[in-house]
Amino acid sequence: MDLSLGGRRALVTGSSSGIGEGIARMLAAEGARVVVHGRNRDRAEGVAAAIGAAGVAIGDLSSDAGAVAVHDAAREALGGAIDILVNNAGGSSTGNTSKAPIDIPVADWVSNYHANMLPAVRLCRLAVPDMVAAGWGRVINVSSAVAVQPNNLGADYSGAKAALNNFTVSLAGSLKGVGVTANIVSPGIIMVDGLLRFGRRKFGDATLSIEQVTQRLAAEKVFDLPPAGRLGTPEDLAAVVCLLASPLSGFVTGANYRVDGGQVRSLN
Ligand SMILES: NC(=O)c1ccc[n+]([C@@H]2O[C@H](COP(=O)([O-])OP(=O)(O)OC[C@H]3O[C@@H](n4cnc5c(N)ncnc54)[C@H](OP(=O)(O)O)[C@@H]3O)[C@@H](O)[C@H]2O)c1
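Rules of the game
Residues numbered from 1 in each chain as written. Predicted model: local features only at pLDDT ≥ 70, side-chain atom pairs only at ≥ 80, totals over all residues. Heavy atoms only, no water. Buried < 20%, exposed > 50% of the residue type's maximum accessible area, 1.4 Å probe, protein only. Helix = DSSP H or I, 4+ residues; strand = E, 2+ residues; numbered from the N terminus. Pairing = 2+ DSSP bridges. 1 Å grid on protein atoms, 1.4 Å probe; cavity = no way out; pocket = protein on both sides within 12 Å on 5 of 7 lines; lining within 4 Å. Points joined across faces, edges and corners; volume = space filled by probe spheres on them. Nonpolar A, V, L, I, M, F, W, Y, C, P; charged D, E, K, R; others polar. Patch = residues over 30% accessible without salt bridge, like charges linked within 9 Å, V, L, I, M, F, W, Y side chains within 5 Å. Areas by Shrake-Rupley, 256 points an atom, 1.4 Å probe, with all protein chains shown as cover. Salt bridge = Lys/Arg side-chain N within 4 Å of Asp/Glu carboxyl O. Domains from an automatic or database assignment. Contact = heavy atoms within 4.5 Å. Buried area = accessible area lost by both parts, 1.4 Å probe. Polar contact = N/O pair within 3.5 Å; in protein donor to acceptor, adjacent residues only side chain to side chain. Near = heavy atom within 4 Å.

Engineer: Looking at this structure, I do not really get the pairing of strand β5 (residues 137–142). What am I missing?
Structural biologist: Along a regular strand, successive side chains alternate from one face of the sheet to the other. Most of β5 is tucked away: six of the six residues are buried. What you see with β5 is no split at all: Gly137, Val139 and Asn141 on one side and Arg138, Ile140 and Val142 on the other are buried throughout. Relative to β5, strand β4 (residues 84–87) is paired through four bridges, and the arrangement is parallel. Within β5, the residue paired with asparagine 87 across the bridge is asparagine 141.

Engineer: Just checking my understanding: could you explain empty space enclosed by the protein for this structure?
Structural biologist: Over the atoms rolls a probe the size of a water molecule, and in doing so it shows where empty space is left. This structure, assessed with the given rule, holds one cavity of 30 Å³ or more. As a volume, the largest cavity reaches approximately 50 Å³. Listing elements by their share of the lining of the largest cavity, those giving two or more residues are α5 (118–134) and α6 (155–174). Of the residues belonging to the lining of the largest cavity, the class tally is five nonpolar, four polar and one charged.

Engineer: I'm lost on a nonpolar patch on the surface in this one. Help?
Structural biologist: Taken together, the side chains of Met1, Leu243 and Leu248 make up a nonpolar region of the molecular surface, amounting to roughly 360 Å² of accessible area. Take methionine 1: it is sitting in the segment before β1 (9–12). Methionine 1 gets classed as exposed once you look at its relative accessible area, which sits at 81%.

Engineer: Looking at this model, I keep getting lost on the domain arrangement of the protein. Mind explaining?
Structural biologist: The extent of an interface is frequently quoted as the accessible surface area lost upon association of the parts. Along its sequence, the protein is organised into domain 1 (9–190 + 235–258) and domain 2 (192–231). Taking only C-alpha atoms into account, the centre of domain 1 sits 26 Å from that of domain 2. Residue-level contacts link five residues of domain 1 with five residues of domain 2. When the two sides are added together, the surface that domain 1 and domain 2 hide from each other amounts to roughly 470 Å², 63% of it contributed by carbon and sulfur. Counting the contacts that link domain 1 with domain 2 gives one salt bridge. Linking aspartate 236 and arginine 230 is a salt bridge whose minimum nitrogen-to-oxygen distance equals 2.8 Å. Across the domain 1-domain 2 interface, the total number found is two residue pairs in polar contact (both at pLDDT 80 or more). Here the residues of the side of domain 1 that touches domain 2 are counted per class, giving three nonpolar, one polar and one charged.

Engineer: Which parts of the structure should I look at to understand the site of the ligand?
Structural biologist: Taken together, 30 residues surround the ligand, and among them Ser16, Arg39, Arg43, Asn88 and Tyr157 come closest. Serine 17 has a polar side-chain atom sitting 3.1 Å from an oxygen atom of the ligand. Of all the secondary-structure elements, those providing two or more residues to the shell around the ligand are α1 (18–29), β2 (33–38) and α6. Residues that form the shell around the ligand fall into these classes: nine nonpolar, 17 polar and four charged.

Engineer: How should I be thinking about the environment of tyrosine 157 in this particular structure?
Structural biologist: Tracing the sequence through the fold places tyrosine 157 in helix α6. Tyrosine 157 gets classed as buried once you look at its relative accessible area, which sits at 11%. Sequence separation between tyrosine 157 and alanine 89 is 68 residues, and the spatial gap between their C-alpha atoms is 13 Å. In this structure tyrosine 157 touches Gly91, Ser92, Asn112, Asn116, Ser144 and Val146, once residues within four positions along its chain are discounted.

See below:
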């Protein structure tokens, strides 16, 4: 299938590692001009060189000024406005695993809002007007399975992702007939370097393979394997993001695509 992504200008936030890196790599392989983003310049430049990106944009998206700097740098590297905005940067900023919601300090709720919800709001405020003016654009927000089915990862994190979902559907509803779509992609548990390092550290063996770490973490009930019988990969996410970014997906907006191996048990 030809996704017709050639020459489209894309910013993938948080693409200096993990899921974002996988998304940036696949968009670039499909012919898009991609800007790699992160806070760490060395990591971002390493990924950009490896995937043949148009450039990098460096900045912390937990502040308005950081988002403006990232948006400006991306536009410059792309030589024009952003067509495809993938808001992927995030992750729990507090690590309140297994804490009851009422034991989580208010500051942690605010922190996760800044890490997981407001970066997308900030960048959409900057980039979407250009998409509307051009009559074409794609916003894809990377949320989490826990936004709709909270677990023990911390209600401050899952609550911020739920707010991101709500924002995305509201945004889609406000973009009537202008050629710009806004959708959510919700990962389940994805095997990224951080999880592999966590597992190897936990079991004191730096040689463990991804499969061995997965099986041992599942055996210790750190998580349950989903019906797919394995954890997800960044490529699992990237494939769905590329499809949503494509002109072929023009009738898909305000949707939440779960890429979780069947983790969330829900009919919609
Ligand atoms: N992995 C999973 O199992 C999983 C499951 C559900 C949802 N998710 C979501 O998927 C997204 C990517 O997660 P991941 O596991 O791939 O994480 P990761 O490997 O830790 O990568 C996170 C990326 O986001 C960047 N980043 C984080 N906070 C930022 C901020 N405030 N400003 C700018 N950049 C920031 C990091 O940049 P630097 O490294 O340069 O700082 C890095 O590029 C996140 O939104 C996460 O919530 C992940």
